[in-house]
Amino acid sequence: MILDSLNNTAAYESLHPLFKQAFDFLKATDFLKLEADKTVLIEGKLTVNVANICGKPKNEAAIETHKKYIDIQMPVIGVEKIGWKAGSELNEISVPYNEANDITFYVDRPTAYTKIYPGQFAVYFPEDGHTPGIGEGAIKKVIVKVLVSDLCK
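Residues numbered from 1 in each chain as written. Predicted model: local features only at pLDDT ≥ 70, side-chain atom pairs only at ≥ 80, totals over all residues. Heavy atoms only, no water.

Some remarks on the overall build of the chain
- If you tally the helices and strands in the chain, you get 1 helix and 12 strands.
- In the chain, the order of α-helices and β-strands from amino to carboxyl end is β-α-β-β-β-β-β-β-β-β-β-β-β.
- The C-alpha atoms of the chain give 15 Å as radius of gyration, which agrees with the globular expectation for 153 residues (15 Å, within 12%).
- Along the longest, intermediate and shortest principal axes, the C-alpha atoms of the chain span 40 × 40 × 30 Å.
- Every one of the 153 residues in the chain was classed for burial, and the buried ones make up 46%.
- For the chain, contacts bridging at least 24 residues in sequence account for 79% of all contacts bridging at least 6.
- When the accessible area of the chain is evaluated, it comes to approximately 7,800 Å², of which 53% is carbon and sulfur surface.
- Taking the 17 positively charged and 20 negatively charged side chains of the chain as two groups, their mean positions are separated by 1 Å. (Helix = DSSP H or I, 4+ residues; strand = E, 2+ residues; numbered from the N terminus. Rg over C-alpha atoms; globule rule 2.2 N^0.38 Å. Buried < 20%, exposed > 50% of the residue type's maximum accessible area, 1.4 Å probe, protein only. Contact = heavy atoms within 4.5 Å. Areas by Shrake-Rupley, 256 points an atom, 1.4 Å probe, with all protein chains shown as cover. Lys, Arg positive; Asp, Glu negative; His and termini not counted. Charge placed at Lys NZ, Arg CZ, Asp CG, Glu CD.)

Structure (structure tokens):
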């Protein structure tokens, strides 16, 4: 997991060949003007989802993991709290892996929580269990899906 300011993305661009393009898009786009929607930057490899959610309490947020995609999550309006637990420590699956949606849900609870403010981003790799959507009121956020397999190219 990575948490940082959009001002510091250059420090992470070398971690994945698509990170620079993802971060450039995040910095160049006025998400306040965009409706909730999906933008495909590279089919099957780099997708941007804008979502409007209602923040939920910690006890209603489920830990999730992904196998195929890395998440870059960034709130645009509101403060989002996201729980974290190492994937290697997740023990009890509540909803088995759904390949079409690239997601597994767990009963386990996070071991740490991080508040993410507009202008900041968090990166969750497949080994990072995370519980997004914790907060109060309306939250507008961006979720960038980056294909993991491009790490091997």
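Comments concerning the sheet that holds strand E5 (residues 69-77)
- Pairing is antiparallel across the open sheet formed by 6 strands, whose spatial order is E1-E10-E5-E12-E3-E2. Each end of this open sheet is capped by a strand with a single partner; those strands are strand E1 (2-5) and strand E2 (37-42). Across this sheet, the average inter-strand angle for adjacent strands is 20°, counted without regard to direction.
- Here E1 runs beside strand E10 (residues 120-124); their pairing, made up of 4 bridges, is antiparallel. The partner of isoleucine 2 across the bridge, within E10, is valine 123. (Pairing = 2+ DSSP bridges. Axes fitted to C-alpha atoms, helices over the stretch in contact; angles between N-to-C directions.)

Re unusual backbone geometry
- Look at aspartate 102: it is not a glycine, yet its phi comes out positive at around 50°.
- Within the secondary structure, aspartate 102 is located in the loop between strand E7 (93-98) and strand E8 (103-106).
- Looking at aspartate 102, the relative accessible area reads 3%, which means it is buried.

Side note on the packing of aromatic side chains
- Summed over all chains, the structure comprises 5 aromatic pairs.
- Note on tyrosine 12 and phenylalanine 121: the rings are 5.9 Å apart at their centroids and 80° apart in plane angle, and the pair reads as edge-to-face. Of this pair, tyrosine 12 sits in the loop between E1 and helix H1 (19-28) while phenylalanine 121 sits in strand E10, and the two are 109 residues apart along the sequence. Pair check on accessibility: tyrosine 12 and phenylalanine 121 agree, each one buried.
- Relative to phenylalanine 125, the ring of phenylalanine 19 has its centre 6.4 Å away and its plane inclined at 45°; by these criteria the two rings are tilted. Taken together, the positions of phenylalanine 19 in helix H1 and phenylalanine 125 in the loop between E10 and strand E11 (128-134) put the pair 106 residues apart, joining distant regions of the chain. (Phe/Tyr/Trp six-rings, centres within 6.5 Å; stacked < 30°, edge-to-face > 60°.)

Some remarks on the environment of isoleucine 70
- Residue position: isoleucine 70 is located in strand E5.
- Distance in space between the C-alpha atoms of isoleucine 70 and phenylalanine 105 is 16 Å, their sequence separation being 35 residues.
- Not counting residues within four places of it along the chain, the set of residues in contact with isoleucine 70 comprises His16, Phe19, Val123, Tyr124, Phe125, Pro126, Val144, Lys145, Val146 and Val148.

A few points about H1
- By the burial criterion, the buried members of H1 are Phe19, Ala22, Phe23 and Leu26. Summarising the axial view, the buried residues of H1 lie within an arc of 95°, below the 170-degree limit, and thus occupy one face. (Arc of directions from axis to C-beta.)

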